[in-house]
Amino acid sequence: MSAATTRSRARRAPALDRLCAEAVDLAREAAEEAAAPGVVGEYVEAVAEGDRVVTHFFECAEPGYRGWRWAVTLTRASRAKNVTLDETVLLPGPDALLAPEWVPWSERLRPGDMGPGDLLPTEADDLRLEPGYTGEDEPPPNSAVSEGMTDRADAEDAEFVSRTPSRGTVAAVADELGLRRARVLSRYGLHVAADRWEEAYGAKTPMAQAAPASCVSCGFLMAIGGSLGQAFGVCANEYSPADGRVVSLEYGCGGHSEAAVMPKPPRPAGPVLDSMAADEFPLHPTPSPGSVPTTSPDPSSEDLGHS
């Protein structure tokens, strides 16, 4: 037999055994024995699993198992006419209602899922973090506390006092300043945080597109330290939708400190006719010049209108 003939037979689908395919009643009895009464539904089909191995499928009428099928596998020995039961199992069909694929808890968590008392441990190889220090400080080779100098002093039976106390190490000083952290943000962690903040409060948000100016010129923007301070800050405007949030310098909203200037209160125009003031009229009008000269009356003989 050639190799091509062997490969063709290996790829050929198994034929449906006639005796096993005709044993539908035996398959139903096995399914009803394994299931609850009235759960096994209509007959669906028979599928050849191998030589003289056939699986019969029945619909499942169990509530909550829509599209599932009872699968009963029958088989028989070579040159034997007696069909025997292999196994009975409930399997999902092509349109079965299945539970969602299981996802580990560390991948199911989303921002905002943690509540009071919840703990979220980080893995040792978290890409967002990196070691905050390289380890204990090693003294220089010529230091009095170095290993070489200590061995030499023991050999020569000499005594010395270290001029570099343990409290003066970089790690001790950093611990007192509150900077000695086991791990700090890595470059990847910085980029992930920047992308997340830029998406929530960045220049491409609808609020920023309609803003009169960006946060870089807003008086309510609080600067942050580190490399992220070159692109982000914290909003301190209680009327802004981003109050207390990290915002991009290109973000903006209607609460910008210089967005609008309050108009001055209107001042009414001056009156056309002032009815509250007294009008001035001359007591003795000036005579008009004429051909007949006039003399000024004597103030002492002026008629005052009474005798």
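Just so you know, these numbers come straight off a predicted model, no measurement behind them.

1. Here's the deal with the pairing of strand 3 (residues 68-75)
Item 1. Among the eight residues that make up strand 3, eight are buried, leaving the element largely enclosed by the rest of the structure.
Item 2. Neither face of strand 3 is open: one carries Trp-68, Trp-70, Val-72 and Leu-74, the other Arg-69, Ala-71, Thr-73 and Thr-75, and all of them are buried.
Item 3. Two elements, strand 2 (residues 53-60) and strand 3, share seven bridges in a ladder whose sense is antiparallel. Bridging across to strand 3, Glu-59 finds its partner in Arg-69.
Item 4. Where strand 3 and strand 4 (residues 84-92) come together, eight bridges link them in antiparallel fashion. Residue pairing for strand 4: Trp-70 is matched across the bridge by Leu-90.

2. Regarding the pattern of salt bridges
Item 1. Applying the stated criterion across every chain yields a total of three salt bridges.
Item 2. Put simply, Arg-76 and Asp-17 hold a salt bridge, and the shortest N to O gap is 2.9 Å. In this pair, Arg-76 sits in the loop between strand 3 and strand 4 while Asp-17 sits in the loop between helix 1 (3-11) and helix 2 (18-22), placing the two residues 59 residues apart along the sequence.
Item 3. By relative accessible area, which is 17% here, Arg-76 ends up buried.
Item 4. Judged by its relative accessible area of 10%, Asp-17 falls in the buried class.
Item 5. Across the pair Glu-45 and Arg-69 runs a salt bridge, and its minimum N-O distance is 3.3 Å. Placement of the pair is Glu-45 in strand 1 (residues 40-50) and Arg-69 in strand 3, with a sequence separation of 24 residues.
Item 6. Take Glu-45: its relative accessible area is 33%, and that puts it in the partly exposed class.

3. Some points on the side chain of Ser-248
Item 1. As for its placement among the helices and strands, Ser-248 is situated in strand 9 (residues 246-248).
Item 2. For Ser-248, a relative accessible area of 4% puts it in the buried group.
Item 3. Those residues in contact with Ser-248 that lie beyond four places of it in its chain are Glu-198, Tyr-201, Gly-202, Cys-215, Ala-231 and Phe-232.

Definitions and cut-offs
Residues numbered from 1 in each chain as written. Predicted model: local features only at pLDDT ≥ 70, side-chain atom pairs only at ≥ 80, totals over all residues. Heavy atoms only, no water. Buried < 20%, exposed > 50% of the residue type's maximum accessible area, 1.4 Å probe, protein only. Helix = DSSP H or I, 4+ residues; strand = E, 2+ residues; numbered from the N terminus. Pairing = 2+ DSSP bridges. Salt bridge = Lys/Arg side-chain N within 4 Å of Asp/Glu carboxyl O. Contact = heavy atoms within 4.5 Å.

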